[in-house]
Every structure is written in C-alpha cells, then in structure tokens.
Amino acid sequence: MRVAVLYLLTGVGHFREATAIRDELVVNGHEVDMIDPFEKFSNSDRLATRIMISLYKGIVKVGTTFIVVFPKLGEKGLTFTDSSELRLFKSLIRIGERLEWLVGRYFGSNLGLSQYKYFVSTHPMATRMVVGFARSRALKMSRIINVCPDEVGGFAGSFYKVDGVINTVNSKKTGKIFEKLGLKKKYIRVVGHPLDPVILKNRRNIYDRVQYDLNDGRLILGLYLGYFAPESEKAGILSVIKEVSPLLRAKKIKAKVLTGGHKDFENRLRLTIKSLKIENLIEVIYTQTPLDIVRKGHSWMLKDINIMFSRPSELVFYSLATGIPHVTFPLLGPQEEDMLSLLRNNSPVEDWKSLRGRLESFLFDKVKLINISKRLFDSGYNLNGAVELPSLLRKV
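Residues numbered from 1 in each chain as written. Predicted model: local features only at pLDDT ≥ 70, side-chain atom pairs only at ≥ 80, totals over all residues. Heavy atoms only, no water.

### Thoughts on the overall build of the chain
Point 1. Along the backbone of the chain there are 19 helices and twelve strands.
Point 2. Taking all 396 residues of the chain together, the buried fraction comes to 57%.
Point 3. About 16,800 Å² of surface is accessible on the chain, with carbon and sulfur atoms providing 53% of the total. (Helix = DSSP H or I, 4+ residues; strand = E, 2+ residues; numbered from the N terminus. Buried < 20%, exposed > 50% of the residue type's maximum accessible area, 1.4 Å probe, protein only. Areas by Shrake-Rupley, 256 points an atom, 1.4 Å probe, with all protein chains shown as cover.)

Right, dumping it as structure tokens:
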C-alpha cells in the first residue's frame, strides 16, 4: 500500500518519529513517502501558495512564542486547571484547526495527497491539513492516523488530539486524557511510543553495555543539540564542556557533541574548545540535516555513550529504552513539562542547573548512575508504537 508519513519540522522530534514509522512500514512492504507540508508549500511554483504558507508560519510562531512565554501552563494542563491563559491557548488551537483544515482543503493537491491510500502523521497540524483535504474529496477518515508521540497532560493533549480520526497514544493514561478532552474512545489506540526500530531491537544490548561501562568507570558523554535550539540549551552544552575540560585533559572521560547544524553555536563551540585547549579530546559532529541528527545520535547510543545531556524532549524515550542516564537542560513548553514528569516518575533525574559545580562527583558516583540506568530500563514503558503501525493499518 502507498502511505504518506507526514511531519512538521518544528523540531527534530516529529521527524525522528516519522522516520521510525517510515522505516518499519518499508520493512513491512509498504511504499512510503515522508512529507513536510511546510517545506512542500514553501517550494511551490504558485505565489499565492507561498504567501499563504508564510502567513500561516507566522501564526504558528505566535503560538510557539505563547507556549515559551508561559512555561508553567504545562503544570496547569496536567491538572486541567481552568485559567485565562489555558482558555486563550485553547482558543488559539481552535483558530489553528480551522486554518489547517482550510489549508488542506484548498492546497492539499499541492502535496500530491490523492496518490496515497493511507496517511500517518506525527504532528497534529499536519494531520488537520490531511483532514481538510480528505473532507474536500469525501475520503474515509479511517484512512488517517494521528500519532501522538509524547506522554502528554491536558494542556499539550488539547493540541495533540485530532477529532474524527484514529489517534495513537503511548499509554492508557494519555488515552484517558484524550477522552477527558472530548475525543471518543473508538478513535483511541494505545500502541506505545514510536521508537526507532533498530534501537528497540538492540535495547538490551545497549543497556548491558551501559551497565558494564558505568561499573567500570568508562564514561562517554553525549551532548545533544537538535533542530530547535534555545539559547539555554546552547549555553548549557558550552558550560558542561567547560566544567568537564579538566577531566577530558586527564583522560578520565570522553565527550561528544551533536551541533544540530546551528552555525552560531558551532562558532562558539570552536572558540570554547580552542580556549580550553581540548581540540583533540572531544568529538564534534557538525550535522547538516535532520536525518544526520537522528542517524548520528542513534549510532552513539548503539555504540558507546553512557550519559546523555539534552532538554527533556523525545530523547526521554531513548533513555527509557536503553537505560542511558539523562541530564536535562531547561525545558520549553508544556509537552516537555510532561516529558520531564515521565522521566522523574521512573528514575531520579538530575538537571544541569542543580549539577553545575559538582558534575564530577555525579559522574563518578557509579552506584547512583547504575541505579538510575536500571530504573530507566526497567520502567516497562511501552515503546512499540512504530512496530505496531503496520498491523494497525491492516485493521483500519
């Protein structure tokens, strides 16, 4: 069957999850294309289409800024607390839904959507565009699957859920939240997070290696910077490098940095490394594309890193999968508030702000790190979302 897997490059997470689903569908014999509607529209030959998508991107930016400006809204969403901010955000969501349906209805043909039998989307905005297109062509809504790849509370859940189509969720808890938000139970499928199939297959081997390395004191830090890179995360990575530089020079640890293709950060990183005289003691990967970020980051997990540094993004699921302890940089948005809660519910979590100035003692507390690793791996969290998608397509 011909399947379109849609995502939006608002960050590397939705791309990572779309890639995992695409890879699994291909293995199961499907013909799959990955589509980022923003990219397709931006490259359109029609001036009207390019103008429309520029205006729409502006609206999305306003919504994103709203989330960042009010970070505590995540906590309010978790408890369904009524507030003026929450009501305002839900109003923005409703406006966005109408716009997305209109985009899909009148511009869906630009995406070539008519050639696909099924649609799987890892971003709700892309899903709603497909819904708009499907309604204009009187297509069955059962052909559309909206993937909610995160563990979400009520606030983020109100953004992620899409009415009238199948919604896959990671857990029964998220499913219940979607029901509370008004989504009918018949549209909810609990399948788990769509983890990369290669990492899923090798998670036990990765965990065994991490446990051995931590016990042996053989530490390799992986510092991840994704496609969406706030200043707090860039500054955090640079400050970690400065603090561990004596350990690097003493060859007590190793470290790797994934730059996410951010040129400003790469320039600052080069200057920092040069000033610390550790040019030959740290590995830097200057990634250029989202696929570079995903593939290289996963190869580190498979091969050698045993402590991960990043925001509490989708990489939280990779810590749960592999038992790699996770040090977090400041979160952004309600979905990362939910993700941090998930991590904390399964294992002790250290954030960089609290570790600053005492990172060395943390890194060499092998008993603590081994325990963190074990609790992460033993969480039992469902990570089968990608491998479940082919059978779900057959059922719908």
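### Notes on the side chain of His123
Point 1. Position of His123 among the secondary structure elements: in the loop between strand 3 (118-121) and helix 6 (124-136).
Point 2. The residues contacting His123, other than those within four sequence positions of it, are Leu6, Tyr7, Leu8, Thr10, His14, Asn146 and Phe159. (Contact = heavy atoms within 4.5 Å.)

### Description of helix 15 (residues 334-346)
Point 1. In this model helix 15 runs 19 Å from its N-terminal to its C-terminal C-alpha over 13 residues, within 8% of the 18 Å that 1.5 Å per residue would give.
Point 2. Within helix 15 the residues assigned to the buried category are Pro334, Glu336, Glu337, Asp338, Met339, Leu340, Leu342, Leu343 and Asn346. (Expected span 1.5 Å × (residues − 1).)

### Focus: the sheet that holds strand 1 (residues 2-6)
In a beta sheet, neighbouring strands are held together by backbone hydrogen bonds and run either parallel or antiparallel to one another.
Point 1. Taking strand neighbours across the sheet as the criterion, the six strands line up as 2-1-3-4-5-6 in an open arrangement whose pairing is parallel. Only two strands of the sheet have a single partner each, and these edge strands are strand 2 (31-35) and strand 6 (188-190). Across the sheet, the mean angle separating the axes of adjacent strands is 20° when strand polarity is ignored.
Point 2. Summarising the sheet, strand 5 (residues 166-169) and strand 6 pair through three bridges and their orientation is parallel. Its bridge partner lying in strand 6, Thr168 is registered against Arg189.
Point 3. On the sheet, helix 6 packs against strand 1, strand 3 and strand 4 (144-147) and is oriented at approximately 165° with respect to strand 4. (Pairing = 2+ DSSP bridges. Axes fitted to C-alpha atoms, helices over the stretch in contact; angles between N-to-C directions.)

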